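Letter by letter, the chains look like this.
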Amino acid sequence: MSRKIGFEKAVVAIIDEDTEQIVKDADKGLSADGLFTIDAKSSLGVLTAAITGLAPTATKVYGSDQNVDVIQQGSGNVSATLGANDIPADILYKLAGMKKDATSGGYYQDTATKPPKATLLLMSHNSKGMPIYFALYKGTFGPEEVTLNTNTETPQLQTDSITFSALNRFLDKRIFGSFTVDPSGATKDEDTVLKDVFQGYASSEQ
């Protein structure tokens, strides 16, 4: 895998449980076109991201008093952690499946809370400055843990950190994908990536 320089943004969407299409609704989904970009403009910037568990468990096969094979297929227990400075509360709560109270306007978690299925895309750059994308096609976000610290001589800032547990997409069994944009190749631009990762995505230029 090529060298990765920086972390520019993440794109998330809620997807329909059955069709796996992005939910294009500002109330039921994350926006009118289904996508929400976590970047400097919307969330004061992303900070860190780590995708783990890609390697499947290796099972050694023995015969004739020796190790004759290794069974290693698919992926492991894939998950990702995503950190940002200030993701809007409405986005965090929707991704966690929390409900909004019509009277108070607050969000709550109860015994029936179930996070919706979602899709996650991360963007970095390679050593040539070309965008690199890392996709987790389907999964769920857990609710963010809350930690509060008293201010001292300096304000105590608590950034956002959320965890994504990946599943395979029913459509094609994909779990993880990686793309490097090259205008002369198959991945010509970001739209190519978005159409592959987010089912139902329509370019704003269409």
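No experiment lies behind these values; they were computed from the predicted model shown.

Draft legend 1. Focus on the packing of aromatic side chains. Evaluation of the coordinates by the stated rule reveals three aromatic pairs. With 4.9 Å between their ring centres and 40° between their planes, Y93 and Y107 make a pair best called tilted. Pair noted here: Y93 is in helix α2 (residues 89-95) and Y107 is in strand β8 (residues 107-108), with a separation of 14 residues, a long-range link. Assessed through its relative accessible area of 32%, Y93 is described here as partly exposed. Taken together, a centroid distance of 6.5 Å and an interplanar angle of 15° make the contact between F134 and F176 stacked. Of this pair, F134 sits in strand β10 (residues 131-141) while F176 sits in strand β12 (residues 176-180), placing them 42 residues apart in sequence. Of the residues examined, F176 reaches a relative accessible area of 29% and is grouped as partly exposed. Across the ring face of F170, the terminal group of K138 is positioned such that the distance to the ring centre comes to 3.5 Å.

Draft legend 2. Focus on the environment of F141. When you line up the elements, F141 lands in strand β10. We classify F141 as buried; its relative accessible area is 2%. F141 sits 23 residues away from F164 along the chain, and the two C-alpha atoms are 4.5 Å apart. Residue contacts for F141: discarding those within four places in its chain leaves V12, L95, A96, P115, A118, L120, I162, T163 and F164.

Draft legend 3. Representation of the pairing of strand β11 (residues 160-167). Of the two faces of β11, only the one carrying D160, I162, F164 and A166 is buried; S161, T163, S165 and L167 on the other face are not. Sheet analysis places strand β6 (residues 79-84) next to β11, joined by six bridges and oriented antiparallel. In the strand pairing of β11, A80 is matched with F164. Of the strand pairs in this sheet, β10 and β11 are connected by four bridges, and their pairing is antiparallel.

What counts, and at which threshold
- Residues numbered from 1 in each chain as written.
- Predicted model: local features only at pLDDT ≥ 70, side-chain atom pairs only at ≥ 80, totals over all residues.
- Heavy atoms only, no water.
- Phe/Tyr/Trp six-rings, centres within 6.5 Å; stacked < 30°, edge-to-face > 60°.
- Helix = DSSP H or I, 4+ residues; strand = E, 2+ residues; numbered from the N terminus.
- Buried < 20%, exposed > 50% of the residue type's maximum accessible area, 1.4 Å probe, protein only.
- Lys NZ or Arg CZ within 6 Å of the ring centre and 35° of its normal.
- Contact = heavy atoms within 4.5 Å.
- Pairing = 2+ DSSP bridges.

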